[in-house]
Amino acid sequence: MTNLICSHEFCTGCGECLTVCPQHCITLQPNPQGHLYPRIDTQKCVNCNLCRQKCPANTPVVLHEPQACWAAWAKEEKERTTSSSGAAASLFAKYIIAKGGVVYGAALEKGEIRHIRVHQEHDLGRLKGSKYVYSYAADVYAPLRQDLMDGKTVLFVGTPCQNAGVSNYVGDHPNLFLVNLICHGTPSFQMLKDHLSTRGITQIDTIQFRNNNNAYDFRCNDYRALSRLLPDEYVTCFLMGYTYRPACYNCAYAKPQRAGDVTLGDFWGLGKQTPFEGGDTSKGCSVILINTPKGKQLLEACRDKMHLFPRAYQEAQVGNPQLCGPVPCRSIADKFNTYYPRYSLAWAAWRTVPRLLATRALKDILKRYTPALRIKRALQKWLAR
């Protein structure tokens, strides 16, 4: 009997198979790059094939043509500035909690990035902020279904493939709202942990990838990437698409049709093609795609908390190419994987794309120090007169 549930080329690591297995004989195990894949204990398996039947790679979920596209941000300034985008996800979450529901989303939990269950508003802050790494969600399927069975309204926020896992597990439940993020792809948590260990960090207490001015500002504990002379290799490789799991380069959800009820992301490029005069977007602006009637219901419930501006879906696609197709960097990713984990992530990156990293380093140096040098030289010339 094969030990595969689906091909590793299409496995997203959603973890649904662990929960549906009646024998509890499936675990997620890392490959050399740290990407998690299901492994079946063939001694316990009864060959019911439920894991294969429920796997989104084998039984695809229905994708939806977006019905509407909005640029949006929270009216409350603090809500907006404490979020990495326009705070749409936070407003949706507050609405669900206020009506007695529960929210599931990614958070830093005991030094790891995992999906957690939140039922009180004061804990929603843990879900804020971008997490440019794989979030382990296998533990939340069972409690999420139990919440629905108990009559609670549930909001699940995750990547499109995680949305698909939840959808296949519980079905189209009227009390379940699925929000998916416009996803670039996911490096393994092992990559992040190994990279931070070379910076002297063995325990993650706090982590941030973006600040509220839409800038990439990677921080962990006392480490701040922007304080280094050279670019941070983890962030650079993430942004360029070199460290994702294989399924990300074959992503079934990176297309105009979307999974889930609502799609959220940053509205990159807003106003470049069609003028936008709605206000200052420098503090964060969300793109909201309404994919289903339930998504429209969720937006309408939070409308009075947002500034909303209708936009063309094509404008969102220009700024977010993941709405059109997967990242086209598979060959470079394969090259990176020949070096990592034999070398550290940083050294693997420099061996894979040395010219890119050197160019970014030079640009950063010129940006940081050229103005100061010009002022210094101008003062020296003036004093020398």
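Residues numbered from 1 in each chain as written. Predicted model: local features only at pLDDT ≥ 70, side-chain atom pairs only at ≥ 80, totals over all residues. Heavy atoms only, no water.

(A) Examining unusual backbone geometry more closely. For the peptide bond that leads from Y340 to P341, omega is 10 degrees, which places it in the cis range. In this fold, P341 is placed in the loop between α11 (330-339) and α12 (345-352). One non-glycine residue, H24, lies in positive phi territory at about 50 degrees. With respect to the element layout, H24 can be found in the loop between α1 (16-20) and β1 (26-30). Residue class for H24 comes out exposed when judged on its relative accessible area of 63%. With phi around 65 degrees, N49 is a residue other than glycine that occupies positive phi space. By the secondary structure assignment, N49 is in the loop between β2 (36-40) and α2 (50-54). (Helix = DSSP H or I, 4+ residues; strand = E, 2+ residues; numbered from the N terminus. Buried < 20%, exposed > 50% of the residue type's maximum accessible area, 1.4 Å probe, protein only.)

(B) Examining the pattern of salt bridges more closely. This model, assessed by the stated rule, comprises 18 salt bridges. Where E77 meets K283, a salt bridge forms, and the shortest distance between an N and an O atom there is 2.6 Å. With E77 in helix α3 (residues 77-81) and K283 in the loop between β11 (262-266) and β12 (286-290), this pair connects stretches of sequence that are 206 residues apart. Here E77 falls in the partly exposed class, since its relative accessible area comes to 37%. Residue K283 is classed as partly exposed on the basis of its relative accessible area of 31%. A salt bridge links R117 to D147; its shortest N-O distance comes to 2.9 Å. Remark: D147 occurs in helix α5 (residues 141-149) and R117 occurs in strand β5 (residues 112-118); sequence separation between them is 30 residues. R117 sits in the partly exposed class, given a relative accessible area of 36%. Residues joined by salt bridges that share partners form a network here, namely E79, K94, E121 and K128. (Salt bridge = Lys/Arg side-chain N within 4 Å of Asp/Glu carboxyl O.)

(C) Structural view of empty space enclosed by the protein. Tallied over the entire structure, the rule returns 2 cavities of 30 Å³ or more. Considering only enclosed or pocket space, the second largest cavity measures out at about 90 Å³ in volume. No other element matches α2, which puts 3 residues into the lining of the second largest cavity. Its residues assigned to classes, the lining of the second largest cavity shows 10 nonpolar, 3 polar and 1 charged. (1 Å grid on protein atoms, 1.4 Å probe; cavity = no way out; pocket = protein on both sides within 12 Å on 5 of 7 lines; lining within 4 Å. Points joined across faces, edges and corners; volume = space filled by probe spheres on them. Nonpolar A, V, L, I, M, F, W, Y, C, P; charged D, E, K, R; others polar.)

(D) Inspection of the sheet that holds β11 at higher detail. If you walk across this open sheet you meet the 8 strands as β5-β4-β6-β7-β11-β12-β3-β13, and the pairing is mixed. Since the sheet does not close on itself, it has two edges, and those belong to β5 and β13 (306-310), each with one partner. Put simply, the sheet's adjacent strands are angled 30 degrees from each other on average, direction ignored. Sheet analysis places β11 next to β12, joined by 5 bridges and oriented antiparallel. Looking across to β12, one finds that T263 is bridged to L289. (Pairing = 2+ DSSP bridges. Axes fitted to C-alpha atoms, helices over the stretch in contact; angles between N-to-C directions.)

(E) Highlighting the packing of α5 against helix α6 (residues 160-170). Their axes nearest at 11 Å, the elements α5 and α6 cross at an angle of 55 degrees. With respect to α6, the element α5 is oriented oblique. For the crossing formed where α5 meets α6, the hand is right-handed. Taking contact as the criterion, the partners of Y141, A142, L144, R145 and L148 in α5 are, on α6, Q162, G165, V166, Y169 and V170. (Parallel < 35°, antiparallel > 145°, perpendicular 65-115°, else oblique. Left-handed = near helix turned anticlockwise from the far one by under 90°. Contact = heavy atoms within 4.5 Å.)

(F) Spatial organisation of the pairing of strand β9 (residues 216-220). One ladder, built from 3 bridges, connects strand β8 (residues 207-210) with β9; its direction is antiparallel. The residue of β9 that forms the bridge with I207 is C220. Bridge analysis of β9 against strand β10 (residues 223-224) gives 2 bridges, and the strand direction is antiparallel. Residue pairing for β10: R219 is matched across the bridge by R224. Adjacent in sequence and paired antiparallel, β9 and β10 are bridged by 2 residues, among which N221 carries a positive phi angle near 55 degrees.

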